[in-house]
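# Commentary on secondary and tertiary structure
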Amino acid sequence: MCGNAGAFGVPNASTKVAKMLKATQHRGQEGVGIVSAHGKRMFRERGLGLVAEVFKGFNFEASLPGDRAIGHVRYPTSSASVRSSVQPYFTMTPYGKLALGHNGTITNCRSLATDLALSGELVGAIPDTEMMGRHIACNAGGDWTSRLRRTFGCIEGAYSVVALAEDGTALAAVDPYGFRPLMAVRCGDGYLVASETAAFAPLKGRLVGEPWAIAPGTIETYRPDGRDVRRFARHRQTRYCSFELVYFARPDSIVYGLWGSQIRRALAERLAARFPQEGADLAVGVPNSASHFGLYYAQASGLHFDLGISRNNYAGRVFITPGQAAREEGVREKFNVDESIVRGRSVVVVDDSLIRGTTSRELTLMLRRAGAREVHWRIPSPLVPFSCHWGIATHEVELLVASRMTEDQICGLIGADSLRFQTMEDYRAGLGDPDGTRFCYACFDGESPVPEHEPPCADCAGCADG
């Protein structure tokens, strides 16, 4: 899971992109990159670290000039934590340079590599975004939109993409199922694109009209005279990522056309109705991603809500930290328990999810050391026993505690007095998807959201132009 941003046809575009990336820093804290275009020249700056660190004291107008720019914040899933892994990537093509920023995971890289090898392109072990760029470079004829459509007609997996070409063409696209979100809005005479609408907040005074979600299976091309929308895949049933609205998107954001805060409220209210805790004194949310969950659970349960757990906002997300010992140390560095609030009380702790159990186990210990009489956990998402292959860093199923333990066993592992997870029925209903036909639930139920051997769109050369 990463964060994309783009500013097209707006003055000092790279400055706008940097502001949007800061607002979506929660989507990726390992590295940041920005590419801008001025005339027929392209410029790139990238580095490891937060946006404010990489671009501290940076002169955007001098080093990243132009009225078109794209940017990316990286959340590590597989490739190494080195500067060269930070997007956007450059691809050299017969039609000029192309920059790509990608959020998601391509699942058929092996067959794409075979296709490239047959066309004379030697491909080693490269990131899937670079594989995408190589494939685009091998597409002959037509404009950039047509080339991207032909490549996306062959690609399988999850992707939202922002792209910028040397000739000034700016594009954004979303996979046919809509796994990964991408929102857009008018900004003056131009356009802004980002993974979620919280990115637009720093530029609110310049926005025109309401934001829209880029439709699954479409490419939007942005030009001075407006935008062009073309479909590259047949209409399919959406498979929005349900975990996106629980963990990644900010509560004050819209993704997939849904407000994060409204979804969190609906899920917390269902959790409180099914699993109240008799005799509890207060509820706390694990900050920051579960603070809203904690508040809404407390309101629905009639409990007092308090800020019993504080978070160091300069610490990274423990979920994506490699190594168990490092994750445990990370929890202790990241959180602190307020003894004056929890001592002698029965506390209900609400967290958005429970993946490895590291955070919940360490926080339970910290709460008991601070004098909490009882510690009860409530999770507004279901158990996560399966790996995700569409952009969430849960590839190693043996690291998922729910893959080898029952709910009661996990409760014993984390040392809690009780532990309850949202049921799948309530989870789907809280997302407004009671039939389970709009969202992807693969990490919860193990059911693949796409056919195992789906034929590519049309004849593997993309949809016909027009």
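Residues numbered from 1 in each chain as written. Predicted model: local features only at pLDDT ≥ 70, side-chain atom pairs only at ≥ 80, totals over all residues. Heavy atoms only, no water.

## Examining the nonpolar core
The test is simple: Each nonpolar core is a collection of buried residues, namely Ala, Val, Leu, Ile, Met, Phe, Trp, Tyr and Cys, held together in the definition by side-chain atoms within 4.5 Å. Only protein chains enter the accessibility calculation, which uses a 1.4 Å probe; a residue whose area is less than 20% of its type maximum is buried, one above 50% is exposed, and one in between is partly exposed. Whether two residues are in contact is decided by their heavy atoms: any pair within 4.5 Å suffices.
Y297, V349, W377 and L419 are the most contacted members of the largest nonpolar core, which has 77 residues in total. Setting aside chain neighbours within four positions, we find L419 in contact with L354, W377, R378, I379, E407, I410, C411 and I414. Formed by 26 residues, the second largest nonpolar core is a distinct cluster that contains V10, A18, A199 and F200.

## Regarding the sheet that holds strand β9 (residues 183–187)
So the rule is basically this: If DSSP finds at least two bridges between two strands, the strands pair. Under the scheme used here, helices are H or I runs from DSSP no shorter than 4 residues and strands are E runs no shorter than 2 residues, and both carry numbers assigned from the N terminus. Each axis is a line fitted through C-alpha atoms, taken for helices only over the stretch in contact, and angles between the N-to-C directions span 0 to 180 degrees.
One open sheet holds the seven strands; their spatial order is β3-β2-β4-β1-β10-β9-β11, and the pairing between them is antiparallel. Each edge of the sheet is formed by a strand with only one pairing partner; in this case those strands are β3 (41–48) and β11 (207–213). Shown here is a sheet whose adjacent strand axes are inclined to one another by a mean of 10 degrees, direction ignored. Pairing of strand β2 (residues 31–38) with strand β4 (residues 68–74) involves seven bridges; the strand directions are antiparallel. Bridge pairing in β4 places G31 opposite R74. Lying over the sheet, helix α1 (residues 13–23) contacts β1 (3–8), β2, β4 and β10 (190–194), oriented at roughly 155 degrees with respect to β1.

## A look at the packing of helix α8 (residues 260–274) against helix α9 (residues 291–301)
Put simply, the rule reads: Under this scheme an angle from 65 to 115 degrees is roughly perpendicular, one under 35 degrees roughly parallel, and one over 145 degrees roughly antiparallel; angles in between are oblique. We call a crossing left-handed when the near helix sits turned anticlockwise from the far one by less than a right angle, and right-handed when that turn is clockwise. Classification convention: Asp, Glu, Lys, Arg as charged; Ala, Val, Leu, Ile, Met, Phe, Trp, Tyr, Cys, Pro as nonpolar; all other residues, Gly among them, as polar.
Relative to each other, α8 and α9 sit at 45 degrees, their axes nearing to 8 Å. Overall, the two elements α8 and α9 adopt an arrangement that is oblique. Two packed elements cross with a definite hand, and for α8 against α9 that hand is right-handed. For the pair formed by α8 and α9, the contact residues are S261, R264, R265, L267, A268, E269, L271 and A272 on the first element and H292, F293, Y296, Y297, Q299, A300 and S301 on the second. When grouped by side-chain class, the residues that make up the contact of α8 with α9 number eight nonpolar, four polar and three charged.

## Re empty space enclosed by the protein
A water-sized probe rolled over the atoms picks out the places where empty space is left. We apply this condition: Cavity means a closed set of points on a 1 Å grid over the protein atoms alone, one where a 1.4 Å probe fits but cannot get out, pocket means an open set with protein on both sides within 12 Å along at least 5 of 7 lines, and lining means a residue has an atom within 4 Å of a point. Grid points are joined across faces, edges and corners, and a volume is the space filled by probe spheres set on the points.
In the structure shown here, the tally under the stated rule is two cavities of 30 Å³ or more. Here the largest cavity is characterised by a volume of approximately 90 Å³. Lining the largest cavity are F179, R180, C241, S242, F243, C388, W390, I392, C440, A442 and C443. Every element with two or more residues in the lining of the largest cavity is listed here: α7 (242–248) and α15 (442–445).

## Thoughts on the packing of aromatic side chains
Rule in force here: Note on aromatic contacts: the rings of Phe and Tyr and the six-membered ring of Trp form a pair at centre separations within 6.5 Å, being stacked when their planes are under 30 degrees apart, edge-to-face when over 60 apart, and tilted otherwise. Geometrically, a lysine NZ or arginine CZ counts as sitting over a ring once it is within 6 Å of the ring centre and also within 35 degrees of the ring normal.
If you walk through the whole model with that rule in mind, you get 21 aromatic pairs. The interplanar angle of 80 degrees and the centroid separation of 5.1 Å between the aromatic rings of F55 and F58 together place this pair among those described as edge-to-face. What makes F58 partly exposed here is its relative accessible area of 22%. Of the aromatic side chains, those joined through ring pairs into one cluster are F243, Y247, F248, Y427, Y441 and F444. Across the ring face of F90, the terminal group of K97 is positioned such that the distance to the ring centre comes to 4.7 Å. Here the guanidinium or amino end of R428 rests over the ring plane of Y441, the centre of that ring lying 4.9 Å away.

## Regarding the environment of G294
Turning to its location among the elements, G294 is positioned in helix α9. A residue is classified by how much of its surface remains accessible, and G294, at 0% relative accessible area, is buried. For G294, the contacting residues outside a window of four places in its chain are A283, V284, G285, F305 and V350.

## So, helix α6 (residues 144–152)
Counting buried residues in α6 gives nine out of nine residues, a clear majority hidden from the surface. The complete set of buried residues in α6 reads W144, T145, S146, R147, L148, R149, R150, T151 and F152.

## Some words on the pattern of salt bridges
Side chains that differ in sign of charge can pair as their charged atoms come close. Heads up, the condition is: Should a side-chain nitrogen of Lys or Arg be within 4 Å of a carboxyl oxygen of Asp or Glu, the pair is scored as a salt bridge.
Overall, the coordinates contain 17 salt bridges when judged by the stated rule. Linking R230 and D228 is a salt bridge whose minimum nitrogen-to-oxygen distance equals 2.8 Å. With a shortest N-O distance of 3.3 Å, R373 and D281 are connected by a salt bridge. Note that R373 is positioned in the loop between α12 (358–369) and β22 (374–379) and D281 in the loop between α8 and β17 (282–285), a separation of 92 residues in sequence. On the basis of relative accessible area, R373 is assigned to the partly exposed category, the value being 44%. Linked by salt bridges that have partners in common, R27, E196 and E244 make up one network.

## Some thoughts on the confidence of the model for the protein
What counts is decided by this rule: Across the chain, each position has a pLDDT score giving the predictor's confidence in that residue, from 0 to 100.
Taken as a whole, the protein shows an average pLDDT of 89; of its residues, 90% reach a score of 70 or greater. Note that pLDDT drops below 50 for residues 318–323; the model gives that stretch 18 contacts with residues more than four away or on any other chain. Confidence drops under a pLDDT of 50 for residues 453–466, and excluding neighbours within four residues, the segment shows 29 contacts in the predicted structure.

## A word on unusual backbone geometry
Backbone geometry follows two general trends: most residues other than glycine have a negative phi, and most peptide bonds adopt the trans configuration. In this structure, the amide linkage connecting Q87 to the following residue, P88, adopts the cis form with an omega of 0 degrees. Topologically, P88 is positioned in the loop between β4 and β5 (89–93). Look at the link from P287 to N288: it is a cis peptide, with omega at 0 degrees. For N288, the position within the fold is in the loop between β17 and α9. Phi is positive for N12, which is not a glycine, with a value near 50 degrees. Relative to the helices and strands, N12 resides in the loop between β1 and α1. The class of N12 is partly exposed, set by a relative accessible area of 38%. Residue Y256 is not a glycine yet carries a positive backbone phi of 55 degrees. With respect to the helices, strands and loops of the structure, Y256 is situated in the loop between β15 (254–255) and β16 (258–259).

## So, the sheet that holds strand β12 (residues 218–223)
Each strand in a sheet pairs with another by means of backbone hydrogen bonds, the pair being arranged parallel or else antiparallel. Pairing is antiparallel across the open sheet formed by six strands, whose spatial order is β5-β6-β7-β8-β12-β13. Of all strands in the sheet, those bounded by a partner on one side alone are β5 and β13 (226–231). Between one strand and the next, the sheet's axes are offset by a mean angle of 20 degrees, whatever the strand orientation. Helix-sheet contacts for helix α5 (residues 128–137) involve β5, β6 (96–106) and β7 (157–165), and the interaxial angle to β6 is about 135 degrees. In the packing of α6 onto the sheet, contacts are made with β5, β6, β7, β8 (170–174), β12 and β13, and the angle to β12 comes to roughly 165 degrees.

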